[in-house]
Amino acid sequence: MPNTVTITDNRTNASYTLPVENGTIRAMDLRQIKTGPDDFGLMSFDPAFTNTASCRSSITFIDGDKGILRYRGYPIEELAEHCTFLEVAYLLLWGDLPTEQQLKDWVHEITHHTMLHETTKKFLEGFRYNAHPMGMFVSTVAALSTIYPEAREVHNPAIRRHQILRLIGKVPTIAAYCYRHSLGFPYVYPDNDLTYSENFMNMIWKMVEPKYVANPVLARALDILFILHADHEQNCSANAMRSVGSALTDPFLTTAAAAAALAGPLHGGANEAVLRMLDEIGSKDKIPAYIKQVKEGKCKLMGFGHRVYKNYDPRARIIKWTAEQVFECTGRNSKLDIALELERIALEDDYFVERKLYPNVDFYSGIIYQAMGFRPEMFTVMFAIPRTTGWLAQWNEMLTQPEQKIARPRQVYTGHETRSYVPLTQRKELAAV
Ligand SMILES: CC(C)(COP(=O)(O)OP(=O)(O)OC[C@H]1O[C@@H](n2cnc3c(N)ncnc32)[C@H](O)[C@@H]1OP(=O)(O)O)[C@@H](O)C(=O)NCCC(=O)NCCS
């Protein structure tokens, strides 16, 4: 039979024919495979979801072997070259590129949701002067939930759309306020005359000048970086967004959960880790010794490797090009030379070639952000701003798919069988493990 797979259970000699759809079998179809009436049935075991599709999605396509990334069918290279970030945000969320009028309305709507409630500013005041901006960002996004209680009505499409506008509009403001707080600078209100990226730069860097004027090359570079980071299908934080959102939690708390996942050094925290690694290496002549340590398993080459890409990350190629534009404005950063040499050596080394480890998006993004004037603690927050759009697109899609339920994996229990309670005075200390 075409489009089926037949499994023979060697424990019972029974055969089962399972349908194959889109290159997958349904894990629930395995449940019928039993050794007897008391058997629970076969499950699949897939820690870290390395071979499990958790949803159908029409948002982002990645072919990791070929190094392809498309949003809603459009190659990332074309979007990065021709679009603004908000145009791409519209595409990710609503499925098609906007018409001229739709884009005008969309930009107007987002721009008019950039202000924060004044109490949110007071909330930010409570953080210590040296609080990491990512912790502040996660907490402040979650705190928006207390201001917009109607957001809990996640099955109402109009209410959902309103929260999407709020979140995309407000995340740059929250990010900028976190940054200004850590520097002890006064907060700068959003400026509606500016584009999304320009306004973010305004809220970060405006001091006493009456009107902030962004450098157009840097503003465009930032917009391109936002486009490249906007979505990446079922990555760790998107999975967190879908998983938490599947409990019908409101979008502010759900986005905070996704941002918390992004904060880890194996995910969005990698760009900060790359900068620290380049600082640690210090100069080109120290690269071979560093690579030796990586190969001995003492550390990882941060910004290298990817769960899905086993080829050059297409975003890294665009970022490398963007870095050159930025450096023409800002002057060359010595870290770029170390990074280029590190990449050259790694790509010729059997360890990296055999394991198909290539530079990922985070390898060069931190260097650009630093050249623009951002401190490393801000890099992951800079990732969270555009990724909020991707998270919301994934969340909105999940809520409209009838086959989705509360996300709840199974486990393989490896603990004790039933044992009897031991009174406190009769317990013996276990040998230290
Ligand atoms: C992204 C990442 C978490 C993917 O992990 P993964 O899909 O679980 O891949 P694995 O850890 O199974 O890696 C496969 C092999 O390559 C090695 N490897 C993976 N990334 C490596 C890196 N950055 N440096 C050195 N070795 C690496 C692993 O040690 C493993 O080697 P082994 O087969 O000898 O055990 C991983 O590549 C990594 O930690 N990279 C650095 C952090 C980073 O840049 N993250 C940003 C991602 S956008």
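Look up: the structure comes first, before these words.
Let me sum up the structure you'll find in this document.

Definitions and limits used
Residues numbered from 1 in each chain as written. Predicted model: local features only at pLDDT ≥ 70, side-chain atom pairs only at ≥ 80, totals over all residues. Heavy atoms only, no water. Phe/Tyr/Trp six-rings, centres within 6.5 Å; stacked < 30°, edge-to-face > 60°. Helix = DSSP H or I, 4+ residues; strand = E, 2+ residues; numbered from the N terminus. Buried < 20%, exposed > 50% of the residue type's maximum accessible area, 1.4 Å probe, protein only. Pairing = 2+ DSSP bridges. Core = buried A, V, L, I, M, F, W, Y, C linked by side-chain atoms within 4.5 Å. Contact = heavy atoms within 4.5 Å. Near = heavy atom within 4 Å. Polar contact = N/O pair within 3.5 Å; in protein donor to acceptor, adjacent residues only side chain to side chain. Nonpolar A, V, L, I, M, F, W, Y, C, P; charged D, E, K, R; others polar. Salt bridge = Lys/Arg side-chain N within 4 Å of Asp/Glu carboxyl O.

1. Concerning the packing of aromatic side chains
Summed over all chains, the structure comprises 19 aromatic pairs. Pairing Tyr-196 with Phe-226 gives two aromatic rings, centres 6.2 Å apart and planes at 75 degrees, and the pair type is edge-to-face. Of the two residues, Tyr-196 sits in helix 7 (residues 196-205) while Phe-226 sits in helix 8 (residues 216-228), which places them 30 residues apart along the sequence. Judged by relative accessible area, Tyr-196 falls into the buried class, the value being 9%. Given a relative accessible area of 0%, Phe-226 falls into the buried group.

2. Side note on unusual backbone geometry
Residue Glu-233 is not a glycine yet carries a positive backbone phi of 40 degrees. Turning to its location among the elements, Glu-233 is positioned in the loop between helix 8 and helix 9 (236-245). Classification of Glu-233 as partly exposed rests on a relative accessible area of 23%. One non-glycine residue, Lys-356, adopts positive backbone phi at about 55 degrees.

3. Focus: the sheet that holds strand 3 (residues 60-63)
Sheet architecture is open: 3 strands sit in the order 3-4-5, paired in antiparallel fashion. The open sheet terminates on both sides in strands that have one partner only, identified here as strand 3 and strand 5 (74-75). Here strand 4 (residues 68-71) runs beside strand 5; their pairing, made up of 2 bridges, is antiparallel. Counterpart to Arg-70 in the pairing with strand 5 is Pro-75.

4. Considerations on the nonpolar core
Of all hydrophobic cores here, the largest spans 116 residues; its most connected members are Phe-137, Phe-200 and Met-277. Here this core gets 12 residues from one element, more than from any other, and that element is helix 17 (residues 379-399). Setting aside its immediate chain neighbours within four residues, Met-277 contacts Tyr-290, Lys-300, Leu-301, Met-302, Leu-342 and Phe-363.

5. Describing the pairing of strand 4
The two faces of strand 4 differ: Leu-69 and Tyr-71 on one face are buried, but Ile-68 and Arg-70 on the other face are not. Where strand 3 and strand 4 come together, 4 bridges link them in antiparallel fashion. Considered in strand 4, the bridge of Ile-62 is made with Leu-69. Where strand 3 hands over to strand 4, the hairpin turn is made up of 4 residues, of which Gly-67 adopts a positive phi near 70 degrees. Hairpin geometry of strand 4 and strand 5 is characterised by an intervening segment of 2 residues between the two adjacent antiparallel strands and by a positive phi of about 50 degrees at Arg-72.

6. Some details on the site of the ligand
Near the ligand you find 17 residues, and of these Lys-300, Leu-301, Gly-303, Phe-304 and Arg-307 are the closest. Within the backbone of Leu-266, a nitrogen or oxygen atom sits 3.3 Å from a nitrogen atom of the ligand. Looking at the shell around the ligand, its residues break down into 8 nonpolar, 5 polar and 4 charged.

7. Description of the side chain of Thr-120
Within the fold, Thr-120 resides in helix 4 (residues 118-125). According to the relative accessible area criterion, Thr-120 is buried, its value standing at 3%. What Thr-120 contacts, discounting residues up to four positions off in sequence, is Thr-140, Leu-144 and Ile-147.

8. Let's talk about the pattern of salt bridges
Counted according to the given criterion, the structure contains 24 salt bridges. As a salt-bridge pair, Lys-298 and Glu-296 come within 2.8 Å of each other at their nearest N and O atoms. Classification of Lys-298 as exposed rests on a relative accessible area of 58%. Between Arg-375 and Glu-377 there is a salt bridge whose closest N-O contact spans 3.2 Å. With relative accessibility at 22%, the residue Glu-377 sits in the partly exposed group. By sharing partners, the salt bridges in this structure join Glu-21, Arg-26, Arg-56 and Glu-403 into a single network.

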